[in-house]
Amino acid sequence: MAIGENFDAQQLLQKLDRLPTFARYGLLAGVALAVVGLYLAVFFGGDQTQLHGLQTKRAKLEQSIQASKAVANNLESFKKKREELQAQLRAALEKLPESSDLPALLTNITGLGKKSGLEIQTFKQGQKIDRGFYSEQQILLEFSGPYHDIGLFFDRIASLSRIVNLSDLTFTVEGETADTPTLLVKGTAATFYFNESSTGAGAGAGTGAGAGAGAGAAKTAGGE
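Residues numbered from 1 in each chain as written. Predicted model: local features only at pLDDT ≥ 70, side-chain atom pairs only at ≥ 80, totals over all residues. Heavy atoms only, no water.

## What about the sheet that holds strand β4 (residues 182–194)?
Quick reminder of the rule: Whether two strands pair comes down to DSSP finding at least two bridges between them. Here a strand is any run of E in DSSP of at least two residues, a helix any run of H or I of at least four, and the numbering for each starts at the N terminus. Think of each axis as a best-fit line through the C-alpha atoms, taken over the contacting stretch in the case of a helix, with angles from 0 to 180 degrees between the N-to-C directions. We call two residues in contact whenever any of their non-hydrogen atoms come within 4.5 Å of each other.
Strand order in this open sheet of four strands is β1-β2-β4-β3, and the pairing throughout is antiparallel. Looking along the sheet, the strands with just one partner apiece sit at the ends: β1 (119–130) and β3 (164–175). Geometrically, the sheet is characterised by an average inter-axis angle of 15° between neighbouring strands, direction not taken into account. Pairing of β3 with β4, which is carried by nine bridges, proceeds in the antiparallel orientation. Its bridge partner being in β4, L166 is matched across the sheet by A189. Of the strands in this sheet, β1, β2 (134–146), β3 and β4 are in contact with helix α4 (residues 102–115), which crosses β1 at around 145°. In the packing of helix α5 (residues 147–158) onto the sheet, the strands contacted are β1, β2, β3 and β4, and the crossing angle to β2 comes to about 155°.

Laid out in structure tokens, this is it:
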């Protein structure tokens, strides 16, 4: 059997020897490439897969680095924006505080009425209405005075840092003099405040609501 195989190999070599030179070189080159390809597939195929995975991880890391650099470059801008938002929140809390503080508010409004030349008949606590994250505290009021003094009082109410909304106002002529008549005014004042059980998110939403209510209150009071 070995002699037969040797004989076959000799015949193959003789056939190769009869081939033209360029054909022999081409055949040898093809065999060499096949051997090299097989070698690479066996010994380096797994490494190529691992290399591709590492390249993918590297690309993701580079993206994360670029995002971190962008945040770092804008850090001062973010800090400035945060300070501006905090200042806006503090301003909103002055308009919509965390408690009604009704006694101080009544004293303040009464003082403004007297300072405007009005005679105060009634300033007392009314109904409290729960609006969710904030509450509305109504104040029943009754006062009298000349028309211009009443207008001055409304203007001072509208200028308060805190929201005070005047509504349901009725005007009755109480007495007349040679110059101007005296008017009796009855109505309701309303102030607003955060509920103490409100969360930070509710308080943030209340800021926007308070700002809108404040604009309406100023318009109402000024219009009267």
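## Observations concerning the pattern of salt bridges
The condition that has to hold: Each reported salt bridge corresponds to a side-chain nitrogen of Lys or Arg within 4 Å of a carboxyl oxygen of Asp or Glu. Exposure categories follow from relative accessible area, calculated using a 1.4 Å probe and restricted to protein chains: below 20% of the type maximum is buried, above 50% is exposed, and the middle band is partly exposed.
According to the stated counting rule, one finds two salt bridges in the structure shown. The shortest N-O distance in the salt bridge between R58 and E62 comes to 3.2 Å. Residue R58 and its partner E62 are both found in helix α2 (residues 21–73); the two are separated by four residues, about one turn of the helix. With its nearest N and O atoms 2.6 Å apart, the salt bridge here joins E136 to R131. Residue classification places R131 among the partly exposed positions, given a relative accessible area of 41%.

## What to know about the pairing of β1
With nine bridges connecting them, β1 and β2 associate as antiparallel partners. Directly across from E119, in β2, lies its bridge partner S144.

## Here's the deal with unusual backbone geometry
Phi angles above zero are rare outside glycine, and D168 is one such case at about 55°. Structurally, the position occupied by D168 is in strand β3. We classify D168 as exposed; its relative accessible area is 62%.

## What about the confidence of the model for the protein chain?
As a reminder of what qualifies: A residue's pLDDT is the confidence the predictor assigns to it, expressed on a 0 to 100 scale.
Confidence in the prediction for the protein chain averages 75 pLDDT; 66% of positions are at 70 or higher. Of all secondary-structure elements in the protein chain, the lowest mean pLDDT belongs to helix α6 (residues 200–223), at 40, while α5 reaches the highest, 92. Below a pLDDT of 50 lies the segment residues 1–7, which in the model reaches zero contacts outside its immediate sequence neighbourhood of four places, other chains included. Note on residues 199–224: pLDDT under 50 across the span, and 28 contacts to partners over four residues away in sequence or across chains.

## Here we look at the nonpolar core
This is how it is decided: Residue types Ala, Val, Leu, Ile, Met, Phe, Trp, Tyr and Cys, when buried and joined through side-chain atoms within 4.5 Å, form a set referred to as a nonpolar core.
Residues F123, F143, F153, I157, V164 and L166 are the most contacted members of the largest nonpolar core, which totals 21 residues. Among the elements that line this core, the one with the most residues is α4, at five residues. Apart from the residues lying within four places of it in its own chain, the contact partners of I157 are I109, L112, V164 and L166. Within the second largest apolar cluster, five residues are counted, among which are L96, A190, F192 and F194.

## Remarks on a nonpolar patch on the surface
Our working rule: The patch calculation keeps residues exceeding 30% relative accessible area without a salt bridge and links them within 9 Å when they carry like charges or within 5 Å when they are nonpolar (Val, Leu, Ile, Met, Phe, Trp, Tyr). The accessible surface values rely on the Shrake-Rupley method and a 1.4 Å probe; as for residues, cover is taken only from the protein chains in view.
On the surface, V71, L75 and F78 cluster together to form a nonpolar patch covering roughly 270 Å² of accessible area. Take V71: it is sitting in helix α2.

## Notes on the environment of F171
Structurally, F171 is set in strand β3. Along the primary structure F171 and V185 are separated by 14 residues, whereas in three dimensions their C-alpha atoms are 4.8 Å apart.

## Examining the environment of G151
Looking at the secondary structure, you find G151 in helix α5. Relative accessible area serves as the criterion here: at 34%, G151 is assigned to the partly exposed category. The sequence separation of G151 and S116 amounts to 35 residues, and the corresponding C-alpha distance is 8.9 Å.

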